[in-house]
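Listed below are the residues making up each chain.
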Amino acid sequence: MQRQALHTAWVTIIMVNLQRTIVSGLTQGSADKVNMGLSDIVKTASGNHHNLALDSSGNVYAVGYNLYGQLGYSGISTNVFRKITTPEPYTANIFAQNNSSFIVSADNNLYGFGQNSANCFGTTGFASTNSPYLIATSVQYVSIYGNRGTIVTYNNKLGIQT
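Note that the structure is a prediction, hence the values are computed from the model and not measured.

Rules behind the numbers
- Residues numbered from 1 in each chain as written.
- Predicted model: local features only at pLDDT ≥ 70, side-chain atom pairs only at ≥ 80, totals over all residues.
- Heavy atoms only, no water.
- Helix = DSSP H or I, 4+ residues; strand = E, 2+ residues; numbered from the N terminus.
- Buried < 20%, exposed > 50% of the residue type's maximum accessible area, 1.4 Å probe, protein only.
- Contact = heavy atoms within 4.5 Å.
- Areas by Shrake-Rupley, 256 points an atom, 1.4 Å probe, with all protein chains shown as cover.
- Phe/Tyr/Trp six-rings, centres within 6.5 Å; stacked < 30°, edge-to-face > 60°.
- Core = buried A, V, L, I, M, F, W, Y, C linked by side-chain atoms within 4.5 Å.
- pLDDT = per-residue confidence, 0-100.
- Polar contact = N/O pair within 3.5 Å; in protein donor to acceptor, adjacent residues only side chain to side chain.
- Pairing = 2+ DSSP bridges.

(A) Spotlight on the overall build of the protein chain. In terms of regular secondary structure, the protein chain is built from zero helices and 13 strands. When the elements of the protein chain are put in sequence order from the N terminus, they spell out β-β-β-β-β-β-β-β-β-β-β-β-β. Counting over 162 residues, the protein chain shows a buried share of 43%. Counting only contacts in the protein chain whose residues sit at least 6 apart along the sequence, the fraction spanning at least 24 positions is 36%. Taken as a whole, the protein chain presents about 8,800 Å² of accessible surface, with 48% of it coming from carbon and sulfur.

Pasting the structure below:
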């Protein structure tokens, strides 16, 4: 019996070389390598069907599935990295989980965008957002786990949003 595909999976494999350049990736089930066109990458983060990249200048780029706004803008999904407009000029760290993305600014402010699954942004005010939403300020450490929680420490106190 032959399996029938219900939908095309959005898969991106990111490879970063020693010169911090994203040199290639495989996307949407293709076996062909794709030049991702980014350089000076210092960190990557992967969610369920999307990826983030952070360069040394503090710019954030996103690629993949965008149903919940997890790429940081409204619009369609993409297989090409696109720069995200962030609320502060320099991003220091990035995280991703399932259908959500998170950035930490140089001023230690934590923002989230995408699906607000189980209120992981610390609010019940919306189901999802395509623009960065301020979750916490004076953040010291962030741990993103599973699809339902964010652990944040600030002012030497632990905050758990589940």
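(B) Local environment of the packing of aromatic side chains. Inspection of every chain in the model, using the stated rule, returns one aromatic pair. Consider the rings of Phe126 and Tyr133, whose centres lie 4.9 Å apart with planes at 70 degrees: the pair is edge-to-face. Residue classification places Phe126 among the partly exposed positions, given a relative accessible area of 23%. You can call Tyr133 partly exposed: its relative accessible area is 30%.

(C) Main features of the nonpolar core. Judged by nonpolar contacts, the single largest core of 13 residues is most densely connected at Ala45, Leu52, Val60, Ala62, Ile84, Ile94 and Ile103. Going through the elements one at a time, strand S4 (50-55), strand S5 (60-64), strand S7 (91-97) and strand S9 (110-115) are the ones with two or more residues in this core. Apart from residues lying up to four places away in sequence, Val60 is in contact with Ala53, Leu54, Arg82, Lys83, Ile84, Thr86, Thr91, Ile94 and Ile103. Core analysis: the next-biggest nonpolar cluster, separate from the first, contains 11 residues, Phe95, Cys120, Phe121 and Val139 among them.

(D) Inspection of the confidence of the model for the protein chain at higher detail. In this model, the protein chain carries an average pLDDT of 75, and 66% of its residues clear a pLDDT of 70 or more. Across the protein chain, the element-wise mean pLDDT spans from 46 in strand S2 (residues 22-27) up to 93 in strand S8 (residues 100-105). For the stretch residues 1-12, pLDDT sits under 50, and the model shows 18 contacts to residues farther than four places along the chain or on other chains. Scored below 50 in pLDDT, residues 23-35 makes 33 contacts in the model with residues more than four places away or belonging to other chains.

(E) Focus on the environment of Ser77. For Ser77, the position within the fold is in the loop between S5 and strand S6 (78-83). Sequence separation between Ser77 and Ala62 is 15 residues, and the spatial gap between their C-alpha atoms is 9.8 Å. Polar side-chain contacts of Ser77 include one of 2.8 Å to the backbone nitrogen of Asn66.

(F) Layout of the pairing of S4. Taking burial as the measure, the six residues of S4 include six buried ones, the bulk of the element. Of the two faces of S4, the one carrying His50, Leu52 and Leu54 and the one carrying Asn51, Ala53 and Asp55 are both buried. Bridge count for strand S3 (residues 41-46) against S4 is five bridges, and the pairing is antiparallel. Its bridge partner being in S4, Thr44 is matched across the sheet by Ala53. Hairpin connection between S3 and S4: a loop of three residues separates the two successive antiparallel strands. Both S4 and S5 contribute to a ladder of five bridges, which runs antiparallel. Paired with Ala53 across the two strands is Tyr61, which belongs to S5.

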